[in-house]
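# Inside the fold
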Amino acid sequence: ISGYLMTGIVIRSLEQHKFSLVAFYTARALRIIPALAVLCAVLMALGWFFLLPPDYRQLSSHTAYSLSFLSNIEYFREAGYFDGSSHEKWLLHTWSLSAEWQFYMALPILLWATWRLVPGRIAQTLVVGAGLAISLAASIIVTREDPNKAFFLLHTRAWEMLAGGLVLLLGDQLSLSETTRRWIGRAGLFLIALSIAVFDKHSNWPGVLAIAPVVAAMMVIFANSTLSLTGHRAAQWLGDRSYSLYLWHWPICVALVYCGLHRTPLAIVAGLALTLVLGHCSYIY
């Protein structure tokens, strides 16, 4: 989704001769940094009272890496995503935000440089497609040798965001009926559900297996508003707040583990409700 949206923003700006790297980076910073900074401040404040000194030092270090968008590199150095200690890392989830930010830094430069050389969407499509192929190949190769590296680092994850860009560039060229798009979207939703059911922490990830949910997401994005599920008001409400919900969900998961409540159904339901409340507040304010 991020790749789809960011590619659209850059391409439309280039076509309208209004593209500005400074404006692009400023808009992303205003979208991402304030809510992240508030989350980090809240965790640091609460951690002062509730965490042991070694845990608080680790939280302080992780906060610095998260705010500098280097946490994916730091967590790669520390351990695997699914090991026991990972459930004690309050900002572990920001690895993906760091990878996404790094992608945001590179994408507009790549698209702008391509446009300067060969204006038009054809060249952009070829460049995005080539980048996707190279990154996917790297992901498959590195996953076999070092799954942790493939999981956390940008060069093995960029293809997933470039896939969204490819939908943006190719989607308008496919003149399919609304009914056909709807069935493609339904198949994508089914493939997402199948991925959730089949893949787990023992799966060799990302590598080849990640192709399934990524292609599924491409299908759903391509279907756009033809799907009643994604077009529903509840889905739109969640979508608007998705970044804020993302920020708050993992610290609440860690808090449940910290309190020994992560297997208590009522506590899990309360955690989900709290995620919605905090995510909504983060989005509004």
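Structural data are supplied above this passage.
Here the structure is a predicted model, which means the values were calculated and not measured.

The number of helices and strands found in the chain is 14 helices and zero strands. Listing each helix as α and each strand as β along the chain from the N terminus yields α-α-α-α-α-α-α-α-α-α-α-α-α-α. Over its C-alpha trace the chain gives a radius of gyration of 20 Å, about what one expects of a compact globule, namely 19 Å for 285 residues. The dimensions of the chain, computed from C-alpha atoms along their principal axes, are 55 × 45 × 40 Å. Evaluated residue by residue, the chain yields a buried proportion of 40% over its 285 residues. Of all intrachain contacts in the chain linking residues separated by at least 6 positions in sequence, the fraction that spans at least 24 positions is 74%. Put simply, the chain shows about 15,300 Å² of open surface, and 69% of that area lies on carbon and sulfur atoms. Charge-centre separation for the chain: the mean point of 19 positive side chains lies 8 Å from the mean point of 14 negative side chains.

Tracing the backbone shows Phe222 in helix α10 (residues 211-223). You can call Phe222 buried: its relative accessible area is 10%. Sequence separation between Phe222 and Leu168 is 54 residues; the distance between their C-alpha atoms is 8.1 Å. Apart from the residues within four sequence positions on either side, Phe222 is in contact with Val167, Gly171, Leu174, Leu176, Arg181 and Ile184.

Within this structure, the stated rule accounts for four salt bridges. For Arg157, the salt bridge is made with Glu160, and the minimal N-O distance between the two is 2.6 Å. Salt-bridge contacts for Arg182 lead to Glu178; the nearest nitrogen and oxygen are separated by 2.9 Å. Here the residue Arg182 and the residue Glu178 both occupy positions in helix α9 (residues 178-198), the gap between them amounting to four residues, near one helical turn.

Reading guide: rules and limits
- Residues numbered from 1 in each chain as written.
- Predicted model: local features only at pLDDT ≥ 70, side-chain atom pairs only at ≥ 80, totals over all residues.
- Heavy atoms only, no water.
- Helix = DSSP H or I, 4+ residues; strand = E, 2+ residues; numbered from the N terminus.
- Rg over C-alpha atoms; globule rule 2.2 N^0.38 Å.
- Buried < 20%, exposed > 50% of the residue type's maximum accessible area, 1.4 Å probe, protein only.
- Contact = heavy atoms within 4.5 Å.
- Areas by Shrake-Rupley, 256 points an atom, 1.4 Å probe, with all protein chains shown as cover.
- Lys, Arg positive; Asp, Glu negative; His and termini not counted.
- Charge placed at Lys NZ, Arg CZ, Asp CG, Glu CD.
- Salt bridge = Lys/Arg side-chain N within 4 Å of Asp/Glu carboxyl O.

Shape is all these values report; function is a separate question.
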